[in-house]
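Reading the structure
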Amino acid sequence: MTRRLAPTGFAAPDRATATEFWVVRHGESTWNADGRYQGQTDVPLSPIGVLQASSLAERLTAQPFDAVYTSDLNRAAQTARIVAERLHGAPPVQTDVGLREIDVGELAGLTIHEIRARFPEYLQALSTEPWSTRRPGGESMEDLYARSGEAFTQIQARHPGQRVLVFTHGGVVRVAVGLALGGVPANAWARLSVSNTSVTRVLLGAGSGMLLGFNDDAHLESLLEATEADDVLGQAP
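Residues numbered from 1 in each chain as written. Predicted model: local features only at pLDDT ≥ 70, side-chain atom pairs only at ≥ 80, totals over all residues. Heavy atoms only, no water.

Thoughts on the overall build of the chain
Across its full length, the chain carries seven helices and six strands. Along the chain, from the amino end to the carboxyl end, the secondary structure elements read β-α-α-β-α-β-α-α-α-β-α-β-β. Computed over its C-alpha atoms, the radius of gyration of the chain comes to 17 Å, within 12% of the 18 Å expected for a compact globule of 237 residues. Along the longest, intermediate and shortest principal axes, the C-alpha atoms of the chain span 55 × 40 × 30 Å. Within the span of the chain, comprising 237 residues, buried residues form 51% of the whole. Once local pairs closer than 6 in sequence are excluded, the contacts in the chain between residues at least 24 apart make up 75%. For the chain, the accessible area works out to roughly 10,600 Å², and carbon and sulfur atoms hold 52% of it. Taken together, the 20 basic and 27 acidic charged side chains of the chain have centroids lying 4 Å from each other. (Helix = DSSP H or I, 4+ residues; strand = E, 2+ residues; numbered from the N terminus. Rg over C-alpha atoms; globule rule 2.2 N^0.38 Å. Buried < 20%, exposed > 50% of the residue type's maximum accessible area, 1.4 Å probe, protein only. Contact = heavy atoms within 4.5 Å. Areas by Shrake-Rupley, 256 points an atom, 1.4 Å probe, with all protein chains shown as cover. Lys, Arg positive; Asp, Glu negative; His and termini not counted. Charge placed at Lys NZ, Arg CZ, Asp CG, Glu CD.)

Set out below in structure tokens:
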């Protein structure tokens, strides 16, 4: 059946076959708290990160999801375990390495001050080409979009017409937004601020997508403010 076009000419995804993703950034990690780039370095949640995950679990208690996926990195997997046990039916958590954060290469473990001192050429290139510039020894946003975009495509194919909860990282949340919007202008990536344990909802179908909600962290109102700094935006000076 041919989908009807809206007056704008856009055909929304068919909910009978599209997948609704609830995409969650992990809780605060110990390196988030220290202001260090982490990328694919496997660091755990901080005590505040555990509280953030518990607050999200309280918010989502008894919510039904057809499947739960997580990045294999500990900060995401730990957040996923805390939340999944409170969901309706306590669904198993499935691991997908394609949902890993951007590989920051030689920047791992460094603060923004150290990066400014050691890699000024990289920062200059990033300011002019934020989409295609690779982290020294690592990935670019273009690389991340291809890698984690493929992960979302495979998950969507396994769960047509279903609702899926995904635990991942700030860079991958931005990829989900890009998939929903049909791409994000190169200079807009750094303007998408993603808080720890925030929920971003996207509807993804074959060749079409829709952004349903972005960076919802209402469950953190009674806690310390979640950090919005990550390996794509960088840390505050």
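Description of the sheet that holds strand 6 (residues 208-216)
Taken in spatial order, the six strands of this open sheet run 3-2-4-1-5-6, and their pairing is mixed. In this open sheet, the two edge strands, each paired with only one partner strand, are strand 3 (93-95) and strand 6. Put simply, the sheet's adjacent strands are angled 25° from each other on average, direction ignored. In terms of strand pairing, strand 5 (residues 199-205) meets strand 6 through six bridges, oriented antiparallel. Following the sheet pairing, Val199 is matched in strand 6 by Asp216. Each of strand 2 (67-70), strand 3 and strand 4 (163-168) touches helix 3 (residues 74-84); the most contacted strand, strand 4, lies at about 140° to it. (Pairing = 2+ DSSP bridges. Axes fitted to C-alpha atoms, helices over the stretch in contact; angles between N-to-C directions.)

What to know about the environment of Tyr69
With respect to the helices, strands and loops of the structure, Tyr69 is situated in strand 2. Setting aside anything within four residues of it in sequence, one finds Tyr69 in contact with Gln94, Leu99, Ile155, Arg158, His159, Val164, Leu165, Val166 and Phe167. One polar contact links Tyr69 to Arg158, side chain to side chain, over a distance of 3.2 Å. (Polar contact = N/O pair within 3.5 Å; in protein donor to acceptor, adjacent residues only side chain to side chain.)

A few points about a nonpolar patch on the surface
A cluster of nonpolar side chains, contributed by Leu181, Leu211 and Phe214, occupies part of the molecular surface with about 240 Å² of accessible area. Along the chain, the position of Leu211 falls in strand 6. (Patch = residues over 30% accessible without salt bridge, like charges linked within 9 Å, V, L, I, M, F, W, Y side chains within 5 Å. Salt bridge = Lys/Arg side-chain N within 4 Å of Asp/Glu carboxyl O.)

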